[in-house]
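Observations on chain architecture
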Amino acid sequence: MRDPYKILGVKRDAGQDEIKAAWRHMAKAVHPDHNQGDPTASARFAEIGRAYETLKDPKKRSLFDNAARMAEAKANENTIMQQRQAAREAAMRAKAAQANAERVMEELARAAAQKAAADAANQQKTGAAEPAEEMIERIFGTQARAAAGGGRDQGFSAGAARRPEPEAAIADKQPEAGKAEAEQQAAEDAAAQASAIMQPLSLLTSLVRRFTGSGTQQAPEKVPDQFATKTVSIDDLIKGSWLTVDLGEGREAGFALAAGTTEGHQVRLKGQGHKLTGMQRGDAVINIHIAPDERFTVSGFDLHTVLPVTIENAVLGTDARIEGPRGPINVTVPAWSGSDKTIRISGQGLANADGGKGDLVVELRIMLWEKPDDKVTDLMRSMKNGLFL
């Protein structure tokens, strides 16, 4: 069986008079005799009866309350365990991602060093030295150059060797006997250039992190949503009232009832749910439940009310004044109206999300007089026996 408190629409601390009144109102509204076109009416009527039988008996009510508390405690325990497990899994994924990024960076660093050494050796043979920033640009592209400082005057200016002149130029400036010294100088310049390549490896590391995303701070995993139920009145929905809901542990959250709110609607309050260390705070999701009302029942955005009429008014027609959700309303009952007749008043229901409103549906119920009337009784007997002319 579902929660009898939710079935009757009462709070858990409701008194017996409130429970009985709620049961009478709902039983009248869903009675199969008044809902002959609804195949679910009998099941709903029986469910309301079982809920009332549970709550009107102090012993049965106490047993249900104890079982509900145990189930709620078990659910909270499972939620906490799931949240802790989710936090552990998130930490493991982050650790694995970091280790993978470090391996990628190490491989790129080794590749850069090997390429630099090979180019330095080649330049030593040819005597044509390449600037360090140009080598970085050639190996890793222009973005690596930008990470290293963005230009020839930045990044490598302190550690890079000067660009050596070509071997032919050195030969023109020096006598033949000095060629050996010039070649030695070119080799030293190439070695210095290779050393300069190794200095900005930290910059390459940051570049790899940017490409792979391992260097960015990933948002922590979000805590699962916290669910709560708020019971509201029809007047609250019509006025768009500001309400508060208890989230437990001394926490409350406030929200306004927006247009489009009806039975079963969910209000999501960002970042007002459970909070766990190392995880992004979850949301609070508020399920809206409309409290029973003696005047109206809710169907979507329509409001339904019952108008009792006597036999003579049902046959002859009449004018009546009823209580509407926003004040008194005059209603005309057409002649020869039975209990299956409804009168729909447009725009007197609840506000929807499209800027419109539902309708007020007036359901007619033919009622007998409190005391029997002999003339009416004789008339009905004559009609039943076929003696009426």
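In the block above lies the structure referred to throughout.
Overview of the structure. (Residues numbered from 1 in each chain as written. Predicted model: local features only at pLDDT ≥ 70, side-chain atom pairs only at ≥ 80, totals over all residues. Heavy atoms only, no water.)

1. Re the overall build of the chain
Counted only if it meets this: We count a stretch as a helix when DSSP gives it H or I for four or more residues in a row; a strand needs E for two or more, and each element gets its number in order from the N terminus. Each residue's exposure class comes from its accessible area (1.4 Å probe, protein chains only) as a fraction of the maximum for that residue type: buried when under 20%, exposed when over 50%, partly exposed otherwise. Note on contacts: a residue pair is in contact if any heavy atoms of the two residues lie within 4.5 Å. Working definition of accessibility: Shrake-Rupley area with a 1.4 Å probe, residue cover restricted to the visible protein chains.
Within the chain, the secondary structure is distributed over 12 helices and 11 strands. Counting across all 389 residues of the chain, residues that qualify as buried make up 32%. In the chain, the share of contacts with a sequence separation of at least 24, taken over all contacts with a separation of at least 6, comes to 56%. When the accessible surface of the chain is split by element, carbon and sulfur atoms take 52% of a total near 24,400 Å².

2. Section: the pairing of strand β11 (residues 360-367)
This is how the line gets drawn: Note on pairing: two strands pair once DSSP finds at least 2 bridges between them.
Burial of β11 is extensive: 6 of the 8 residues sit out of reach of the surface. Bridge analysis of strand β7 (residues 302-310) against β11 gives 8 bridges, and the strand direction is parallel. By the bridge assignment, H304 is partnered in β11 with V361. Here 4 bridges tie strand β10 (residues 342-345) to β11, and the two strands are oriented antiparallel to one another.

3. A short note on the packing of helix α2 (residues 16-30) against helix α3 (residues 41-56)
Selection rule: For every element, the axis is a line fit to its C-alpha atoms; helices are fit only across the contacting stretch, and the angle between N-to-C directions ranges from 0 to 180 degrees. For classification purposes, angles smaller than 35 degrees are called roughly parallel, those larger than 145 roughly antiparallel, those between 65 and 115 roughly perpendicular, and all remaining angles oblique.
Where α2 meets α3, the axes come as close as 10 Å, and the angle between the chain directions of the two elements is 170°. As the angle between them shows, α2 and α3 are arranged roughly antiparallel. Across the interface between the two elements, Q16, I19, K20, W23, M26, A27 and V30 from α2 touch A41, R44, F45, I48, G49, Y52, L55 and K56 from α3.

4. Section: α3
Note the following rule: Multiplying one less than the number of residues by 1.5 Å gives the expected span of a helix. Directions drawn from the helix axis to the C-beta atoms are what define this arc.
For α3, built from 16 residues, the straight-helix expectation of 22 Å at 1.5 Å per residue is met to within 8% by its first-to-last C-alpha distance of 22 Å. Where α3 is concerned, the buried positions are A41, E47, I48, A51, Y52, T54 and L55. Buried residues in α3, looked at end-on, bunch into an arc of 160°, giving them a common side.

5. Some points on the sheet that holds strand β6 (residues 297-299)
Pairing is mixed across the open sheet formed by 4 strands, whose spatial order is β6-β7-β11-β10. The sheet is open, and its two borders are formed by β6 and β10, each paired with just one other strand. When the angles between neighbouring strand axes are averaged without regard to direction, this sheet yields 35°. Pairing analysis gives 3 bridges linking β6 to β7, with the strands arranged antiparallel. Paired with T297 across the two strands is H304, which belongs to β7.

6. Thoughts on the nonpolar core
The condition is simple: Buried Ala, Val, Leu, Ile, Met, Phe, Trp, Tyr and Cys residues that are joined via side-chain atoms within 4.5 Å together make up what is termed a nonpolar core.
Counting 32 residues, the largest nonpolar core has F255, I286, L307, L360 and V362 as the members making the most contacts within it. With sequence-adjacent residues up to four places away left out, I286 is seen in contact with A228, K230, V245, L247, F255, H265, Q266, V267 and L269. Counting residues in each nonpolar core, the second largest holds 13 residues, with V10, A14, I19 and Y52 among its members.

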